[in-house]
Amino acid sequence: MIEENIIRQVLQTVLHPKLKKSLIDIGMIRNISTQGDVVTLTLALKNDRSPLRKVFIDEIEKAVTAVPGVSAVTVQVATLSQEEAEKLFPKAPLRGIAKVKQFLAIASGKGGVGKTTIAVNVALALVKQGYSVGLLDADVYGPSVPVMLALSNAMEQQGNMIVPREKYGLRIMSLGMTAGQNDAFIWRGPLVSKMIHQLLDQVNWGELDYLVIDLPPGTGDPSITIAQALPHCAILMVTTPQEVALADVRRSISLFNKTGHPIVGLVENMSYFLCAHSTQPIDIFGRGGGEKLSKESDIPLLGAIPLDLEVRQGGDSGVPLMVSAPDSATGAIFLTIARQVADRLPSCQ
Ligand SMILES: Nc1ncnc2c1ncn2[C@@H]1O[C@H](COP(=O)(O)OP(=O)(O)OP(=O)(O)O)[C@@H](O)[C@H]1O
Ligand SMILES: [Mg+2]
C-alpha cells in the first residue's frame, strides 16, 4: 500500500522555477490517487502548451517512481482556472497607462459603421472641451487611424518606451504607424494579445484625462484583450439604424454586459442624409434603430450623426470634421456626444 503522504513529501522537490515554491504547495499538483503500484495525479498548468510541461512531468515521474513500491505514475494535465492563474501569477501593472484617468473604447459588433470616425471626432471634441486625450488604435487587423489623421509611419522611442505622436492636440498610437500603411495585418490570437498589451504598457501615454480606444469590428481577440486588461474601461457603442446592424451590436452589448464593462452610451451613425436640394432628411438606412436599441437595452442614446459628405472627406483627407468644421451642425453633434460622455465619466476621480 503506497501512502499518499509519502508521495506528497517527495513531490516537495518539484519546484516552480520562477515562483521557487513546490508545485504541490501552490496547488499545481492535485488529485493524487493510487491504485496498486500506480500513482495518478493532475498537473494544473497556466497554459497546457506551457514550455515547462515536459520538465514538470519528467521531474514528477522521477520523484514519484523513486518511492519504493511505485511502478508507474500517470500525469493528467489540466489548466488552472483564470482566478487561480491570476492569483499565482499576478500581472505587472501596465506602465504606459499608469496615469490615464479614464478609458473609453468605441465598439460595435459590426464593421464599417463608423467606429473609427467617431473615435477620432469624439476624441477631438473632448480636446476642444479642454481635456487631455489620447487615441489608441486597437484595430490591429486594419488600423485606419493613421489614414484618418494623415500620420506617416515614423516612430520615436525614449528609452524603452514608445512616444505617442501628437496631432490636433491628441496623443496617438497605432500599429499602422509601425509598418507600411498598405500592409495587411494578419495575426493570430496570442500575438494580437501581446501587441495590444504593448500598446498599453510600452507607449508612454503620460497623464491623460481620457484614452479613447478604437476597437476593430466584432468580439474577437483585440476586444477581449482590451476588456481583460482594462476592467474599468467604459464603452461607447456605435450602431447604424438598420435591423441587420442591430443584431451585431446586440451581441457586442451582451459581451460587455458579461464582462461587467459599463456602456456609457449609444451613438447612431449614418442616421439620415440631408440633401442639398431639400430640407427633409432622407432615412437611407431606415429610422429609429438607435432609439429602439436604447430602449430595449436601457443604454442612453447620446446622439445621431447624419451621413455627411464632410465627415467622409475628413476621413479620407486626414483632416477630420472636428478640425475642419467644428462649428458645423455635425460638429455640434460630436461636441454634444463628448459633453455627455464627460458628464457620465468624469475624468477627475
Ligand atoms: N456620418 C458619416 N458620414 C459620411 N461618411 C461616414 C460617416 N461615418 C463614417 N463614414 C465613412 O464610412 C467609412 C467607414 O467608417 P469607419 O472607418 O469610421 O468605420 P469603422 O466602423 O471604423 O470600420 P471598421 O469596422 O472597418 O473598422 C469611412 O469612409 C468613413 O469616412
Ligand atoms: Mg475602424
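Placed above this text is the structure.
Since this is a predicted model, take the numbers as computed values, not measurements. (Residues numbered from 1 in each chain as written. Chains lettered and ligands numbered in written order. Predicted model: local features only at pLDDT ≥ 70, side-chain atom pairs only at ≥ 80, totals over all residues. Heavy atoms only, no water.)

Trainee: I keep staring at the nonpolar core and nothing clicks. Help me out?
Mentor: In globular proteins that are soluble, nonpolar side chains generally tend to be buried together. Membership of the largest hydrophobic core comes to 79 residues, with the highest contact counts inside it found for Ile213 and Leu236. Ranked by the residues each element gives to this core, the list is headed by helix α4 (residues 115-128), at eight residues. Non-local contacts of Ile213, meaning those with residues more than four positions away in its chain, are made with Phe103, Leu104, Ala105, Ile106, Leu136, Ala138, Ile226, Leu230 and Cys233. One finds Val73, Val75, Leu80 and Ala85 within the second-largest nonpolar core, a separate group that totals 28 residues. (Core = buried A, V, L, I, M, F, W, Y, C linked by side-chain atoms within 4.5 Å. Buried < 20%, exposed > 50% of the residue type's maximum accessible area, 1.4 Å probe, protein only. Helix = DSSP H or I, 4+ residues; strand = E, 2+ residues; numbered from the N terminus. Contact = heavy atoms within 4.5 Å.)

Trainee: Would you explain the packing of aromatic side chains in this entry?
Mentor: We describe a pair of aromatic rings using the distance from one ring centre to the other and the angle between the two ring planes. Evaluation of the coordinates by the stated rule reveals one aromatic pair. Considering the side-chain rings of Tyr131 and Tyr210, the 5.2 Å spacing of their centres and the 90° angle between planes classify their relative orientation as edge-to-face. Placement of Tyr131 in the loop between α4 and β7 (133-137) and of Tyr210 in strand β12 (residues 208-214) is noted, with a sequence separation of 79 residues between them. The exposure class assigned to Tyr131 is partly exposed, which follows from its relative accessible area of 25%. (Phe/Tyr/Trp six-rings, centres within 6.5 Å; stacked < 30°, edge-to-face > 60°.)

Trainee: What exactly am I supposed to notice about helix α2 (residues 53-65) here?
Mentor: Along an α-helix, residues three or four apart share an orientation, since each turn contains 3.6 residues. The end-to-end C-alpha separation of α2 is 18 Å, in line with the 18 Å expected for 13 residues at 1.5 Å each. Buried residues of α2: Phe56, Ile57, Ile60, Ala63 and Val64, and no others. Summarising the axial view, the buried residues of α2 lie within an arc of 135°, below the 170-degree limit, and thus occupy one face. Along α2, exposed side chains directed more than 90 degrees from the buried face belong to Lys54 and Lys62. (Expected span 1.5 Å × (residues − 1). Arc of directions from axis to C-beta.)

Trainee: Please explain the packing of α4 against helix α12 (residues 329-344) as it appears in this structure.
Mentor: Helix packing geometry: the angle between the two helix axes and the distance between the axes. Across the interface, α4 lies against α12 with an axial gap of 8 Å and an inter-helix angle of 70°. Taken as axis vectors, α4 and α12 run roughly perpendicular relative to one another. Here Ile118, Asn121, Val122, Ala125, Leu126 and Lys128 of α4 lie close against α12, whose contacting residues are Phe334, Leu335, Ile337, Ala338 and Ala342. Along the lines of polarity and charge, the residues of the contact of α4 with α12 split into nine nonpolar, one polar and one charged. (Axes fitted to C-alpha atoms, helices over the stretch in contact; angles between N-to-C directions. Parallel < 35°, antiparallel > 145°, perpendicular 65-115°, else oblique. Nonpolar A, V, L, I, M, F, W, Y, C, P; charged D, E, K, R; others polar.)

Trainee: How should the pairing of strand β11 (residues 170-174) be read in this particular structure?
Mentor: Along any regular strand, the residues point their side chains to alternate faces of the sheet. Buried residues dominate β11, accounting for four of its five residues. Of the strand pairs in this sheet, β7 and β11 are connected by five bridges, and their pairing is parallel. Bridging from a neighbouring strand, Gly134 pairs with Arg171 of β11. Between strand β10 (residues 165-167) and β11, which follow one another and run antiparallel, lie two residues, and Tyr168 among them has a positive phi close to 50°. (Pairing = 2+ DSSP bridges.)

Trainee: Is there a simple way to think about unusual backbone geometry in this case?
Mentor: As a rule of thumb, non-glycine residues mostly have phi less than zero, and peptide bonds are mostly trans rather than cis. Notably, Lys20 is not glycine yet its phi reads approximately 55°, a positive angle. Looking at the element boundaries, Lys20 is found in the loop between β1 (15-16) and β2 (21-22). Look at Met270: it is not a glycine, yet its phi comes out positive at around 55°. Within the secondary structure, Met270 sits in strand β14 (residues 263-274).

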